[in-house]
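Coordinate analysis (summary)
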Amino acid sequence: MHILKLALFAFPLTLVAACGQVDSTPKPLTEKQTAVLMKELSGKVAGTPVNCISDFNATNTIRVSDDILLYRVSGRLVYQNKLRSACSGLARDNDIIVSEQFGSQKCKGDIIRLVDRTSGMTGGVCSLGEFVPYRSEKTAD
């Protein structure tokens, strides 16, 4: 009887162990992803990375890849965020991004979750990195 109980207890653990670790290594950008990144950052110059941006300014989110998000503030300012590790499924743009943040800012270390639009099931869970501002250079008139 003890062997049966042990087997019933060990079987679910074996299934979990069989899943293994999820590979969080970022994949190289595809041609399409590179084109999106170039379109959004073209003519802009990278500034000093910051740890937080106003949530008000981060309403237009562009998914580039499983590890790169862009937050377009205006035509002249875009923040690039390289996630701390790849977030499987982020680039597909099928899931809703749910942010877990404190206060009115998105900050390095804040957690984002992917939630399936149909089932409501949680998918990938990721952590934001630093925000690199890309600004259009001012032209002398």
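The structure we're discussing is the one just above.
Attention here is on the structure that accompanies the text. Bear in mind that the values here come from a model prediction, so they are computed numbers and not experimental data. (Residues numbered from 1 in each chain as written. Predicted model: local features only at pLDDT ≥ 70, side-chain atom pairs only at ≥ 80, totals over all residues. Heavy atoms only, no water.)

Considering the sheet that holds strand β1 (residues 44-46)
Under the convention used in this document: DSSP calls a pair of strands paired once it identifies at least 2 bridges connecting them. Secondary structure elements follow DSSP: runs of H or I no shorter than four residues count as helices, runs of E no shorter than two count as strands, and numbering proceeds from the N terminus. Working convention: axes come from line fits to C-alpha atoms, limited for helices to the stretch in contact. Angles between N-to-C directions cover 0 to 180 degrees. In what follows, a contact means two residues having at least one pair of non-hydrogen atoms within 4.5 Å.
Strands sit in the order β1-β10-β5-β4-β3 across an open sheet of five strands; the sheet is antiparallel. At either margin of the open sheet sits one strand with a lone partner, and together these are β1 and β3 (60-63). Strand after strand, the sheet turns through a mean of 25° between neighbouring axes, direction not considered. In terms of strand pairing, strand β4 (residues 68-72) meets strand β5 (residues 77-82) through five bridges, oriented antiparallel. Across the sheet, Arg 72 pairs through a bridge with Val 78, a residue of β5. Sheet contacts for helix α2 (residues 31-41): β1, β3, β4, β5 and β10 (131-136); angle to β4, the most-contacted strand, approximately 30°.

Some thoughts on unusual backbone geometry
Positive phi, close to 65°, is recorded for Asp 93, a residue that is not glycine. You can see Asp 93 is positioned in the loop between β5 and β6 (96-100).

Examining the pairing of β10
Each regular strand carries side chains that alternate between the two faces of the sheet. Sheet analysis places β1 next to β10, joined by three bridges and oriented antiparallel. Residue Ala 46 lies in a different strand from β10, and its bridge partner there is Tyr 134. As paired strands, β5 and β10 are joined by five bridges and run antiparallel to one another. Looking across to β10, one finds that Leu 77 is bridged to Arg 135.

A few points about the environment of Cys 107
The condition that has to hold: Each residue is placed in one exposure class: buried if its accessible area under a 1.4 Å probe, protein chains only, is under 20% of its type's maximum, exposed if it is over 50%, and partly exposed if it falls in between.
Mapping Cys 107 onto the fold places it in strand β7 (residues 105-107). For Cys 107, a relative accessible area of 15% translates into the label buried. It is 9.5 Å that separates the C-alpha atoms of Cys 107 and Ser 127, two residues lying 20 residues apart in sequence.

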